[in-house]
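# Structural features, examined
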Amino acid sequence: MPGIAMDEGITEEVPNGVNSSQNNENMSVPKSTAASTMVGSMQSQALEMHVDGSGAGEPSIEQLYNNVCEMESSSEGGSPSRESFGSDGEESRIDSELRHLVAGEMEAMKVIEEEEGSGSVANAAPAPENGTPVKTQSTTSSKKSMKASKSQLESDASVGPNGKASPEEGESEVSKPGSRVGRRRKSKTNSQNGTEDAGLDNPDLGPFLLKHARDLIASENPRRALKYALRATKSFEKCAGGKPSLNLVMSLHVVAAIYCNLGRYQEAVPVLQRSLEIPVIEEGQEHALAKFSGCMQLGDTYGMLGQTALSLQWYAAGLDIQKQTLGEQDPRVGETCRYLAEAHVQALQLDEAQRLCQMALDIHRETGEPASLEETADRRLMGLICDTKGDHEAALEHLVMASMAMVANGQETEVASVDCSIGDIYLSLGRYDEAVFSYQKALTVFKTSKGENHATVASVFVRLADLYNKTGKLRESKSYCENALKIYQKPIPGTSLEEIATGLTDVSAIYETMNEHEQALKLLQKALKMYNNSAGQQSTIAGIEAQMGVLHYILGNYGESYDSFKSAVTKLRTCGEKKSAFFGIALNQMGLACVQRYSINEAAELFEEARTVLEQEYGPYHPDTLGVYSNLAGTYDAMGRLDEAIEILEYVVGMREEKLGTANPDVDDEKRRLAELLKRRAE
């Protein structure tokens, strides 16, 4: 059953334990948010530094920050549960510009595409033989589209580092170097490539190329946008002359965002690391916040790579810089605290997540209005954290308060999402009638506002299916599962593959509890294909493969089970999650598959590694750790290491008697095993 929905996002569940005496235990599949999640979600820390764009040549931090945010969100669809709440409620200048660029400049972009197809490049007018630039149709079309709104003219006028009042002038000024570049690009000789960079010292070229790169991102052409952004970076670097330049930092952030857009996260990392070396905090607030922006974007990128530890490390560094620059009680610091809390929830570091979320809640209560949007978002997250930690009553209190605030603000659809979360808590508390009421209430709103075939409607069907399955009403449960699958199998346009894959995984878990293992396995296989081995979803893919390994094991397909676990364990090692409890459980299950394949030595190695991981994460007395001890004792027995097996089993029996009592069936089973080993040693 999915956890509490956060802005229609996908929450993670804590992996279930593995019973050492049972081979058919479920292993819950960790779900992704956003690493979908992490890229393109930094608008919640929008830095509203109002700087006059017509003066100095360096961009404001608002440009630097929101430029990357808008580019990423245009391709990623935004991150769930991270909506932007500006501290003063006004749109930033760059946000306004990008919004107009998407609509207002499409006509000009079509003309540019036609011209580039015939040999000209990037709004550049082909120069005649005498070198005089010719005014072409693209310039005229661009002028017409750019006059569509006053705000667009103002934002475009601020793009050039010399404070040009007219965007047309900026384009005409770079038309010569642009056409020279267009002609020389066709040549492949080293001498001509050397001359190609001759015009990069033009201070107007970098802003023009970067603006055009953003246009291409808006028109969903990231590969060509990358070429323009890289060239803009070269121009800014040449114009900077070795001095710290926020223009260069902005350009590097854009290049990194495009790499992430293309799924080339590894290439984005060194670009962002370089951007962090440029700002000098001592030179003022804008440099400090530029470094903050780079830290957060680098944390997002590591998150998409599945390297959680590095991601959290860079987030923490960014938060420290922001606190020092803006003060610890600034509302934007509160939003960053909430953002970090969400990241810690995804990493299942719930105590730290709760601490950060409480900081955000305190800041927003002190600095904002009662029942503000920021406070509401904090309470929704706090409800998720408390519910995951098992404090259902506290979670219910936070969510009810959030729901009341949303009703007051007229956010009916958002209230429905909170109703789903409240229903989840009622389900956890065993208050089934109240859970059904909350789910049905949310279902009615979603059907009306989003349509009956929307994926959100399917997610409510899955919740109802889980509820009826837990109450023993299997016919109703299966009916809701089928209704959900009809939507997932024929999704409406705009539904993300990740959302469908998550829904299939949830339905699979319900079928598994009904002992329909083959159907559950088929759904997991479909979900796995949808992720298509995405670089940013390796942790989620590993979770699905591990669950497939469990199902193969139950069905007696030990070879397929071993292969699934091996692939999952390899991905978890690569993602940097080899110290998580889920990794230890996966190792234990893989060891069981090895035992069935008579690979005893490999099984022993896996059990030993699983023991080390779970001892660190859970402690030596946790049931999952004791289960690994028991498996390791059996493996040592099969290897002839009788004394070691007896020593481990004696410890397990003692712990189980202490925790479960002497009359527990598991204790009796362990005692019988120990007695047999002692008898064999005596012989």
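Residues numbered from 1 in each chain as written. Predicted model: local features only at pLDDT ≥ 70, side-chain atom pairs only at ≥ 80, totals over all residues. Heavy atoms only, no water.

Per an unreviewed UniProt entry, the protein chain goes by the name MalT-like TPR region domain-containing protein and belongs to Eragrostis curvula.

So, about helix H31 (residues 665-682). For H31, which comprises 18 residues, the first-to-last C-alpha distance of 26 Å matches the rise-based estimate of 26 Å (1.5 Å per residue) to within 8%. Listed in full, the buried residues belonging to H31 are Val667, Glu670, Leu674 and Leu677. The buried residues of H31 occupy one face: seen down the axis, they fall within an arc of 90 degrees. The exposed residues of H31 that point more than 90 degrees off its buried face are Pro665, Arg672, Glu676, Lys679 and Ala682. Lining the buried residues of H31 we find helix H29 (623-638) and helix H30 (642-660). (Helix = DSSP H or I, 4+ residues; strand = E, 2+ residues; numbered from the N terminus. Expected span 1.5 Å × (residues − 1). Buried < 20%, exposed > 50% of the residue type's maximum accessible area, 1.4 Å probe, protein only. Arc of directions from axis to C-beta. Contact = heavy atoms within 4.5 Å.)

Take helix H13 (residues 285-304) next. Taking 1.5 Å per residue, 20 residues should reach 28 Å; H13 reaches 29 Å between its end C-alpha atoms and fits that length. Summarising burial for H13: 17 of the 20 residues are buried, a large majority.

What follows covers the UniProt feature "repeat: TPR" (unreviewed entry) in the protein chain. Listed under "repeat: TPR" (unreviewed entry) in the UniProt record, and renumbered for this structure, are residues 416-449 and 501-534. Taken end to end, residues 416-449 is 91% helix and 0% strand, and its two terminal C-alpha atoms sit 10 Å from one another. End C-alpha to end C-alpha, residues 501-534 measures 13 Å, and it is 82% helix and 0% strand. (UniProt positions renumbered as here; feature names shortened; annotations may be inferred.)

This part covers the nonpolar core. Membership of the largest hydrophobic core comes to 115 residues, with the highest contact counts inside it found for Val507 and Tyr511. With eleven residues, helix H11 (residues 246-261) is the single largest residue contributor to this core. (Core = buried A, V, L, I, M, F, W, Y, C linked by side-chain atoms within 4.5 Å.)

Taken as a whole and judged by the stated rule, the model has five aromatic pairs. When the ring of Tyr553 is compared with that of Tyr558, the centres are 5.3 Å apart and the planes differ by 70 degrees; the resulting orientation is edge-to-face. Each ring, one from Tyr629 and one from Tyr651, has its centre 5.5 Å from the other, and the planes form 75 degrees; the classification is edge-to-face. Residue Tyr629 is found in helix H29, and its partner Tyr651 is found in helix H30; the two are separated by 22 residues along the sequence. Given the relative accessible area of 6%, Tyr629 is considered buried. When its relative accessible area of 31% is taken as the criterion, Tyr651 is described as partly exposed. What links up through ring pairs into an aromatic cluster is the set Phe461, Tyr468 and Tyr480. (Phe/Tyr/Trp six-rings, centres within 6.5 Å; stacked < 30°, edge-to-face > 60°.)

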